[in-house]
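This is what each chain is made of:
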Amino acid sequence: MHLPRWPSPTPPRGPLRETIEHYCQGALRYLLPPRSDGEYRSLLDDLEATRLVWWDPDRGTYLMAPSLRRLLNLRLRLQEPDVFAQRHGRAADYYRQAIIAHPYDCGPLLIETLYHTAYGYAAQLPDKVNELLAQALEPDKFTVGGADFLLERLRKDDELREALSAPVADRVVQSVQELRRNVRRMRLSAG
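Small disclaimer: the values here were computed from a predicted structure and weren't measured.

So, how was this worked out
Residues numbered from 1 in each chain as written. Predicted model: local features only at pLDDT ≥ 70, side-chain atom pairs only at ≥ 80, totals over all residues. Heavy atoms only, no water. Helix = DSSP H or I, 4+ residues; strand = E, 2+ residues; numbered from the N terminus. Buried < 20%, exposed > 50% of the residue type's maximum accessible area, 1.4 Å probe, protein only. Salt bridge = Lys/Arg side-chain N within 4 Å of Asp/Glu carboxyl O.

## What about the environment of serine 165?
Okay, so step 1: By the element assignment, serine 165 lies in the loop between α9 (158-163) and α10 (166-190).
Okay, so step 2: For the pair serine 165 and proline 126, spaced 39 residues apart in the sequence, the C-alpha separation amounts to 9.2 Å.

## Thoughts on unusual backbone geometry
Okay, so step 1: Positive phi outside glycine occurs at aspartate 105, with the angle close to 45 degrees.
Okay, so step 2: Mapping aspartate 105 onto the fold places it in the loop between α5 (81-101) and α6 (107-120).
Okay, so step 3: Taking the relative accessible area as the measure of exposure, aspartate 105 reaches 30% and is therefore partly exposed.

## As for the pattern of salt bridges
Okay, so step 1: Summed over all chains, the structure comprises eight salt bridges.
Okay, so step 2: For the salt bridge of arginine 96 with aspartate 93, the shortest nitrogen-to-oxygen distance reads 2.9 Å. Placement of the pair is arginine 96 and aspartate 93 together in helix α5, with a separation of three residues, close to one helical turn.
Okay, so step 3: Judged by its relative accessible area of 15%, arginine 96 falls in the buried class.
Okay, so step 4: One salt bridge in this structure joins arginine 161 and aspartate 158, with 2.3 Å as the shortest N-O distance. Here the residue arginine 161 and the residue aspartate 158 both occupy positions in helix α9, the gap between them amounting to three residues, near one helical turn.
Okay, so step 5: Judged by relative accessible area, aspartate 158 falls into the partly exposed class, the value being 40%.
Okay, so step 6: Each of the salt bridges in this network shares a partner with another, and the network as a whole consists of Arg70, Glu159 and Glu162.

Written out as structure tokens, the structure is:
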């Protein structure tokens, strides 16, 4: 399971402690059954103590070793497929809201939304992805660097390619390539 990158649809602009508290109050509520803020904080403390999960201040998220994340995902998918789909659906909904709140250069949010949509809404995947691409890939909301970054990240994200079917993954890459061309064209004509 990827842990959402931002603690809430509005990322805090403050000290790390505030960021972690926002994380506890925002993202974890999408992923876990209801708990008190103290219980969420205690859970994160316990996870950090294992060194299996750590806070990455550069990316503004908790990270987990990819091999561990894949193992946990596989176990949950095999043992509790409904819970697996529900958790990914909630994470996809969380990221979709974050894109609405932060539509500019939303590439990292889009990648996470696509990943969780693939598992949370598998039966509706092509339609959900088309909807998401139409919402997120507006050329006037991207810089050239943001479009380049998104395309590069898409090409390197093995987990996302595994989650999406080949035709859907191809559609995503083609859409981002088109976005990149349009952003470059807009910036050249404006300058």
